[in-house]
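What the coordinates show
One letter stands for each residue in the lines below.
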Amino acid sequence: MATRLVQINMKAHDDAALGRFWAEALGWGIDSEGPGVTNLEPVGFTYPDPAAVCIDLIARPEPKTVKNRVHLDLATTSTAHQEELVARLKGLGATPVDVGQGDVPWTVMADPEGNEFCVLEPRPVYRDTGPIAAVVVDCTDPREMARFWGEAMDWTLHEVTDDRATMRSARGVGPYLEFLRTPDTKSGWNRVHLDVRPYHGADPAAEAARLRSLGATDPGIDQSAIHWTILADPEGNEFCLLTPA
């Protein structure tokens, strides 16, 4: 069996307000499972589908203190579109930020709660991904991350180097998942993390055991009140193994 990436979990002080920002930024719809939880997905979308990686925003009181190790790259179709999108995002409350990127053709921004994201210059590889070009994970060893996630999920590896690894749904739709080599190391609990889901009929306990055999670890937190499993990848990035669907 295998899992697939279905959503990004993002902590927020005000999940409803941050949800409105990202819904307008992406042109998506908003739903909610209850107080403190805001769900975003494309309008007319049937979950789960590899055509999109959804976003769940969860209310948490802890402040953001360090650069996120998981962020979104937004796709554009032309230089004019990139400029228009940056201007529109500023109007929604986003701000340009400097994370040491230097002189690059993309624009690094932060949402109203300080979560970093990039508005990319037009790139042919992202022409059919939808508004999210890629989910990007900072890491120290892209090859090891590609090894783990390539076996953990049924996605297809497209590139693996010492500096970068990329994969995408085997159906060739939706955003890419990319692992980018960075000099900084993980510090504290990730405010943004991946959620993966096994396919219908899978045994959740067996899937969790399989992921541990690949190098996943238990982060050492009380999980008695939840019906999913929290694990960490080989670099300590937390992720959730949801129930099969």
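What counts and how
- Residues numbered from 1 in each chain as written.
- Predicted model: local features only at pLDDT ≥ 70, side-chain atom pairs only at ≥ 80, totals over all residues.
- Heavy atoms only, no water.
- Helix = DSSP H or I, 4+ residues; strand = E, 2+ residues; numbered from the N terminus.
- Contact = heavy atoms within 4.5 Å.
- Polar contact = N/O pair within 3.5 Å; in protein donor to acceptor, adjacent residues only side chain to side chain.
- Buried < 20%, exposed > 50% of the residue type's maximum accessible area, 1.4 Å probe, protein only.
- Pairing = 2+ DSSP bridges.
- Axes fitted to C-alpha atoms, helices over the stretch in contact; angles between N-to-C directions.
- Core = buried A, V, L, I, M, F, W, Y, C linked by side-chain atoms within 4.5 Å.
- Disulfide = S-S within 2.5 Å.
- Parallel < 35°, antiparallel > 145°, perpendicular 65-115°, else oblique.
- Left-handed = near helix turned anticlockwise from the far one by under 90°.
- Nonpolar A, V, L, I, M, F, W, Y, C, P; charged D, E, K, R; others polar.

Description of the environment of Asn 9
If you trace the backbone, Asn 9 turns up in strand E1 (residues 3–12). Considering only alpha carbons, one finds Asn 9 and Cys 54, 45 residues apart in sequence, at a separation of 8.7 Å. Asn 9 has contacts with Asp 56, Ile 58, Arg 191, Val 192, His 193 and Asp 195, leaving out every residue within four places of it along the chain. Looking at Asn 9, its side chain comes within polar contact range of the side chain of Lys 11, at 2.8 Å.

Quick look at the environment of Ala 75
In this fold, Ala 75 is placed in the loop between strand E5 (70–74) and helix H2 (79–92). Of the residues examined, Ala 75 reaches a relative accessible area of 13% and is grouped as buried. Each residue touching Ala 75, except ones within four places of it in the same chain, is listed here: His 81, Leu 85, Tyr 126, Thr 129, Gly 130, Pro 131 and Ala 133.

Some details on the sheet that holds strand E14 (residues 229–232)
Strands sit in the order E2-E3-E4-E1-E13-E15-E14 across an open sheet of 7 strands; the sheet is mixed. Single-partner strands in this sheet number two, and they are strand E2 (29–34) and E14. Recorded for the sheet is a direction-independent mean angle of 30 degrees between the axes of neighbouring strands. Lying on the sheet, helix H1 (residues 15–26) is in contact with E1, E2, strand E3 (37–41) and strand E4 (54–59); it crosses E3 at an angle near 5 degrees.

Topic: the nonpolar core
Core analysis: the largest hydrophobic core is formed by 53 residues, its most contacted members being Trp 22, Leu 74, Leu 89, Trp 149 and Leu 177. At 6 residues, H1 tops the list of elements feeding residues into this core. Val 108, Ala 134, Val 136 and Tyr 176 belong to the second-largest nonpolar core, a separate cluster that totals 9 residues.

Brief notes about the state of the cysteines
Applying the stated criterion to the full structure yields 0 disulfides. The thiol of Cys 118 is unpaired, and the distance to the nearest cysteine sulfur, on Cys 139, comes to 15 Å. Summary of cysteine pairing: Cys 240 is not part of a disulfide, and the nearest cysteine sulfur, belonging to Cys 54, is at 15 Å.

Quick look at the packing of helix H3 (residues 142–152) against helix H4 (residues 204–214)
Their axes nearest at 10 Å, the elements H3 and H4 cross at an angle of 160 degrees. Taken as axis vectors, H3 and H4 run roughly antiparallel relative to one another. As for how H3 packs across H4, the hand of that crossing is right-handed. For the pair H3 and H4, the contacting residues are Arg 147, Phe 148, Glu 151 and Ala 152 in the first and Glu 207, Arg 210, Leu 211 and Leu 214 in the second. In the contact of H3 with H4, the residues fall into 4 nonpolar, no polar and 4 charged.

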